[in-house]
Amino acid sequence: MNLNRNTPPQIYSVDGVEYIEPKSHALSNGVELFTMKSGDQEVVKIDFMFKAGSWYAKSRLDSMMAALMLQEGTETLNASQIANTFDFFGAQFSSNSSYDNNYVTLVALNKYLPELLPLVSDILRNASFPESEFEILRQKRKQKALVDAERVGLVAQRGFLRNLFGEGHPYAPVASPAAYDTLLLSDVKQHYRNFYRSDNMSIIASGFIDSSVIDLIAANFSLSWGEKDSVTTNDSYRLPKAQKSIYIEKEGANQNAIAIGKLFPKQDHPDFPGLKLLCTILGGYFGSRLMTNVREEKGYTYGIQASPISFQQEGVLLIFAEVKMDKTSEAIKEVFYEMDRLTKELITEEELIPIQNYLLGRILEDFDGPFARAQTFASLREVDLDFDYYTKLIETFKITTPQQIRALAKKYLKADSMSTIIAGTK
Amino acid sequence: MIAFEKITLSNGLRVIVHVDRSTPFVAVNVCYHVGAKNESPTRTGFAHLFEHLTFGGTKHIRDFDTPTQNVGGTNNAFTTNDITNYYITVPANNIETALWLESDRMVGPKFTKKGLDVQRNVVIEEFRQRNLNRPYGDTWHLLRDLAYKVHPYRWPTIGLTPQHIEEATMEEVKEFFFHHYAPNNAVLVISGNIDADKAFTLAEKWFGGIPQREIKSHLIVQEPLQTEDRELTVQRAVPIDCFYVAWHMGSRLDPDYYAADLLSDILSGGNSSRIEEKLVKGEKLFTEADIFLSGENDPGLFIATGKLNEGVDFNLGREKIVAEAMKTTETLVTEKELEKVKNKIEAEQVFNEIGYLEKAMQLASFEILGDVDLINTQLDHYRAVTADQIRLVAEKILRPGNKNTLNYLSLTK
C-alpha cells in the first residue's frame, strides 16, 4: 500500500459535548442527592460534600485533621472495626479536606452497599475522635510536614500563597511543622460538630446507579443530624500588599523552585474563559510557550506550567518550575519575556487553532465516563456554577480572536503586577 | 471481564483491540519490549532518554504535539525497567491521526544534534528534580544497587548517574532505535469507541508496511541466588530516619507471584492490615510503614519499609517489622484475612475495568509479559491461593541470607 506520510489524515473537530445533567432527588431531611448513571461495571462512587474546608475553620489544620479523623472511631465502633469492614468488602473510603469543601468518598461494588452505607452513615453522624488515634495522626502529619519542608517546590508554592493571602488567611498554607504541636483535639472535634451536619451536606452518586442504590442512600442518610451553633465564618479578609520578590533559603538544594504570579480572576469571572485560553498558550500544555522556550529550547527545567487556580473566594495565577540552579535568573527572565510577548504580539492562527482544539478535547474528557462527569459537576458546584459554564467555555475557545487575547494579556499579565518567589540556594 | 481480539501482522506486530462504547475517545497505545534492563551498564538511563528523543518529530512530521492537539488529543509515554510505552488519546473520529503519528515513530524519528543536546539537559534536570533535589530521592538507587549485583534491575530507569546521559552519542541513539523499536518487538493496542474490524484494517494500513528488523537484545544476566544478608547504612539531610528491607522473590509469571502479592496485602494492605494495626497504631513504632512488591517482569523484590516515630529505637523498629513478616513463615494466615485480601483484589479488578486508556496499557503489558489472557484469568489465580501456599511462599522469600537492609538515617540528628 502506498501511504503518504507527509500529509496528515483528515481532521474532525470536536462536534459537541454530551453533558447529561445529573438527576436531582431530595431526601426527606432536605439533603440534595444528585445521581449520574452510566457504565456497565457494577461500581458506584458516592461523594458526600460538606462546606467544611479550611475557609470555615478556626485554624487551618482543624479542617484537615477533622477529615482525617472521621474513620478513626464512632460511638460504637473502633478504628480497627471500621478499617476491617471497608477492607473486607474491598471498598475505598477516603475523607479529604480542601480549601473550601471537604469530600467524604466511598467507591465500592454495588453488591456490598447494604453493608457499607450504614457504616458511612455512622461515621458522618457519630465520629468519636479518640485521643490516642489523634496523637498518632498528629505525629504522622507532623513528620510529613517536616519532609515537605525539605522540598523546594512545595516551599516555593506555599510561600507564594502566603505572600498573596497573608499569614493566617485560610488559603495560606501553614508555615511551620511546629503548628501541629499546638493543635487541640477539642477544636478539631468542634469543627466536625459545626460543619458535618446533614443540612450542610450534599451527595453525588455516580456509576452503576439504579433504584436500589437510590433507596439505600435514602435509607441511610435521611436522618437529620448536627446543630448549627453560633460559629462565625471567615467571610471577610483584608488581603495584604504582596511583596514583589521573596527568596527562601534552602541549604543544599540541587535545583531552585520558582513561583511567579498574582491574584487573578476566579472561575465565575466573565474574563475567566478567555484567561484559561491565555494561560494555556503561556504554560498550560506540553507545547506551550514556556515549555517550548524554557524546557525544549533551553533545557533549564524538566517542566514549567502556568495555571489559573480558582478557590471559592479568590483566584490566583501561578507559574511554577524547578530549574537549574545556575540558570534561575535566566529562567525567570524568560517567563517575563513570554508574558511580555503576549501583551505585544498577536498570536498566529497556526498556533491558536491547535490550542483551541486541544482545549475542546479536554472538555470532552471532563465529561468522559460517570466518575469524570460527577467530578466535573462537583467542582462546578463548588463555585456555584453549572454546566452552562461549559457552553460559555466552548464558545469562548471557538471565537476568541488574537486581538482579544492580546488585550487580556495587557490587562492581566503586567510585569509589575507579579510576585516572584524563589526557594533554594543562591 | 475485558473482551479483546488479537492478530499478528506479517511484520510481527501484535495488534490487540478492545471496544469500549462508553467513551467518545480511542487510545492508540504502542508498547515496546525495551526498558532500562536492556541498557549497557555504562549507558544507563538510555531507554528513558530515548523516550524523550522520540517526541522530536520524524522525517515526515515536524513535531508530535501539534498534530495531537489539533485533533483534541493528548500524548505521553513512560519507561520502566521492562518496557517503554507510548500512547495517544483522541476523540474517536480522529483515530487516523493517532495511528499516523505512532506508526511514524516506529518508521523512524529524526534525530538531530540539537534535539539530543536539549533532551539530555531536560533529562538531567528530571534526574535532579526527582532524585537529587527531593528528600529520600536516591533511595531506589541505593536499594537496587544493594539487592542486585549483576541483573540490570540494579539501576533505576533514570540511570545510575547523570554522566551516562551526558555521554550518550548520536551513533548509540540510532543503533538503539534500530535494534529495539521494531514492529516485531512491539504491541499495538487500540481501545475505545471503535469497531474492531475498522481498528484492525487501520492498524494494517498504518503499521503493516513497516519492515521487520533484527532485534539485538543482549542476554539479560539473571541474578544468582543470594546467600548472605547485606546491609548498607547512609546518612542524608532528611528529617526522619527510615529503612528498606528487601528480599528477592520470583518473577511476575512465577506461580508463586499471587501468594506473594496476597502476603504483602495481609501484612500491610489497608488500615486493617497486620502492620498498620499492630505496629503503626498498636505499638506506635512508625508513622508510615509498608510492605509491597517491586512488581517487575523478571524476578523482583519483596520490600518492607518504615519511617520511625519520634523517640523509637531505629534497630528495634526495623526488627519488629521484619519479625512480623517472619511470623507468616510459621503460622498460617487466617481464612478471614485471606478472604479479605482476595475481595480487595477482586474489587480493584472491577475498578480497573473502567477507563479505556488504563485497559489499553494493561493489555499491552500483559501481552509483553507473554500472556495477555492473564488480564482476565489472574483473578482465578488469586482466588485459588491457600493459606498453606502463603506460608510456603513466605518461607521461600524470607529465608536467611536473602535479605538486603538499607538504613537511611537523618544527618541532622
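Note that this is a predicted model, so its numbers are computed, not measured.

**Q** How should I be thinking about the overall build of chain A in this particular structure?
**A** For chain A, the count of helices and strands is 14 helices and eleven strands. Computed over its C-alpha atoms, the radius of gyration of chain A comes to 24 Å, within 12% of the 22 Å expected for a compact globule of 426 residues. Within chain A, buried positions represent 45% of all 426 residues. Put simply, 80% of the contacts in chain A that link residues at least 6 apart link residues at least 24 apart.

**Q** Which parts of the structure should I look at to understand the nonpolar core?
**A** Proteins that are soluble and globular tend to have nonpolar side chains buried together. Counting residues in each nonpolar core, the largest one holds 118 residues, and the members touching the most others are Met 69, Ala 156, Ile 258 and Ala 259 of chain A. Setting aside residues up to four positions removed in sequence, Ala 259 of chain A forms contacts with Ala 156, Gln 157, Phe 160, Leu 318, Phe 320 and Ile 421 of chain A.

**Q** Any chance you could explain the sheet that holds strand β4 (residues 92-96) of chain A here in plain terms?
**A** The pairing of strands in a sheet comes from backbone hydrogen bonds and takes either a parallel or an antiparallel form. Residues and elements named next belong to chain A. Here we have six strands laid out as an open sheet, ordered β1-β2-β6-β3-β5-β4, and mixed in their pairing. Pairing within the sheet leaves two strands with one partner each, and these edge strands are β1 (23-26) and β4. Strand-to-strand, the axes of this sheet are offset by a mean angle of 15°, without reference to chain direction. Summarising the sheet, strand β3 (residues 43-50) and strand β6 (residues 201-207) pair through seven bridges and their orientation is antiparallel. Paired with Phe 50 across the bridge in β6 is Met 201.

**Q** Would you mind going over helix α8 (residues 196-207) of chain B with me for this structure?
**A** Since the α-helix packs 3.6 residues into each turn, any two residues three or four apart lie on the same face. All names here are of chain B. Taking 1.5 Å of rise per residue, twelve residues should cover 16 Å, and α8 covers 16 Å from first to last C-alpha, within 8% of that figure. Along α8, the positions that sit buried rather than exposed are Ala 199, Leu 202, Ala 203, Trp 206 and Phe 207. Looking down the long axis of α8, one finds its buried residues gathered within 105° of arc, a one-sided arrangement. Facing away from the buried side of α8 by more than 90 degrees, the exposed set consists of Asp 197, Lys 198 and Thr 201.

**Q** Got a minute to help me understand unusual backbone geometry in this structure?
**A** The general pattern is negative phi for most residues beyond glycine and trans for most peptide bonds. Residues and elements named next belong to chain B. The backbone of Tyr 136 sits at a positive phi, close to 70°, despite the residue not being glycine. Here Tyr 136 shows up in the loop between α4 (113-132) and α5 (139-147). A positive phi angle, close to 55°, is found at Lys 284, a residue other than glycine. Tracing the backbone through its elements, the reader meets Lys 284 in the loop between α10 (274-282) and β9 (286-293).

**Q** For this particular structure, what's the right way to read the packing of helix α1 (residues 60-69) of chain A against helix α4 (residues 131-148) of chain A?
**A** When two helices pack together, their arrangement is captured by the angle between the axes and the distance separating the axes. Residue and element names in this part refer to chain A. α4 packs onto α1 with a crossing angle of 120° between their chain directions and a minimal axis gap of 11 Å. It follows from the interaxial angle that α1 and α4 lie oblique. For the crossing formed where α1 meets α4, the hand is right-handed. Each of Met 65, Leu 68 and Met 69 in α1 lies in contact with α4, whose residues at this interface are Glu 133, Phe 134 and Leu 137. Each residue belonging to the contact of α1 with α4 can be placed in one class, and the counts come to five nonpolar, no polar and one charged.

**Q** Honestly, helix α9 (residues 289-297) of chain A in this entry has me stumped. Any pointers?
**A** Looking only at α9 of chain A, the buried set comprises Arg 289, Leu 290, Met 291, Val 294, Arg 295 and Glu 296 of chain A. Contacts made by the buried residues of α9 of chain A are with α8 (272-283), β9 (301-310), β10 (315-324) and α10 (328-344) of chain A together with α4 of chain B. The positive-phi residue at the C-terminal boundary of α9 of chain A is Gly 299 of chain A, with phi of around 65°.

**Q** What exactly am I supposed to notice about the domain arrangement of chain A here?
**A** Note: interface size is frequently given as the accessible area lost on complex formation between the parts. All names here are of chain A. Structurally, chain A comprises domain 1 (23-221) and domain 2 (245-424). Among the secondary structure elements, those contributing two or more residues to the side of domain 1 that touches domain 2 are β2 (32-37), β3, α5 (152-165) and β6. With nine residues, the single largest contributor to the side of domain 1 that touches domain 2 is α5. The residue makeup of the side of domain 1 that touches domain 2, split by class, is twelve nonpolar, nine polar and three charged.

**Q** In this structure, what is going on with the domain arrangement of chain B? I would like to understand it.
**A** All names here are of chain B. Here chain B is partitioned into domain 1 (5-207) and domain 2 (230-410). Relative to domain 2, the C-alpha centre of domain 1 lies at a distance of 29 Å. Contact residues are listed per partner, giving 31 residues for domain 1 and 25 residues for domain 2. Elements supplying a minimum of two residues to the side of domain 1 that touches domain 2: β2 (14-19), β3 (25-32), β5 (84-91), α5 and β6 (186-192).

**Q** I would appreciate a short explanation of the interface of chain A and chain B in the present structure.
**A** Listed per partner, the contact involves 57 residues of chain A and 57 residues of chain B. Elements represented by at least two residues in the side of chain A that touches chain B include exactly α2 (79-88), β5 (102-109), α4, α9, β9, β10 and α11 (349-366) of chain A. A total of eight residues in the side of chain A that touches chain B trace back to one element, the largest contributor, which is α11 of chain A. Taken together, the residues that form the side of chain A that touches chain B break down as 28 nonpolar, 18 polar and eleven charged.

Calculation rules
Within every chain, residues take consecutive numbers counted from 1 along the sequence as written. Naming scheme: in the order in which they are written, chains are lettered from A and ligands are numbered from 1. At least 70 in pLDDT is required for a residue's local features to be given in this predicted model, at least 80 for side-chain atom pairs to be given and counted, and no such filter applies to totals for whole chains, interfaces and linings, which use all residues. Secondary structure elements are taken from DSSP: a helix is a run of H or I of four residues or more, a strand is a run of E of two residues or more, and numbering for both begins at the N terminus. For the radius of gyration, the atoms used are the C-alpha atoms, and the globule rule reads 2.2 Å times the number of residues raised to 0.38. Counting other C-beta atoms within 10 Å of a residue's C-beta gives its exposure: the residue is buried at 20 or more, exposed at 12 or fewer, and partly exposed in between, where C-beta atoms are placed from the backbone. What counts as a contact is two residues whose backbone-derived C-beta atoms lie within 7 Å of each other. Each nonpolar core comprises buried Ala, Val, Leu, Ile, Met, Phe, Trp, Tyr and Cys residues, the members being joined through C-beta atoms within 7 Å. Note: two strands are recorded as paired if DSSP finds a minimum of 2 bridges between them. Convention adopted: a line fitted to C-alpha atoms gives each axis, helices being fitted over their contacting stretch, and angles between N-to-C directions are expressed from 0 to 180 degrees. How far a helix is expected to stretch is found by multiplying one less than its residue total by 1.5 Å. Note that the arc is computed from the directions linking the helix axis to the C-beta atoms. Angular relationships are summarised with four words: roughly parallel below 35 degrees, roughly antiparallel beyond 145, roughly perpendicular across 65 to 115, and oblique for the angles in between. Take the far helix as the reference: if the near one is turned anticlockwise from it by less than a right angle, the crossing is left-handed, and if turned clockwise, right-handed. Under the scheme applied, nonpolar residues are Ala, Val, Leu, Ile, Met, Phe, Trp, Tyr, Cys and Pro; charged residues are Asp, Glu, Lys and Arg; polar residues are all the others, including Gly. Note that the domain bounds reflect an automated or database-derived domain assignment.

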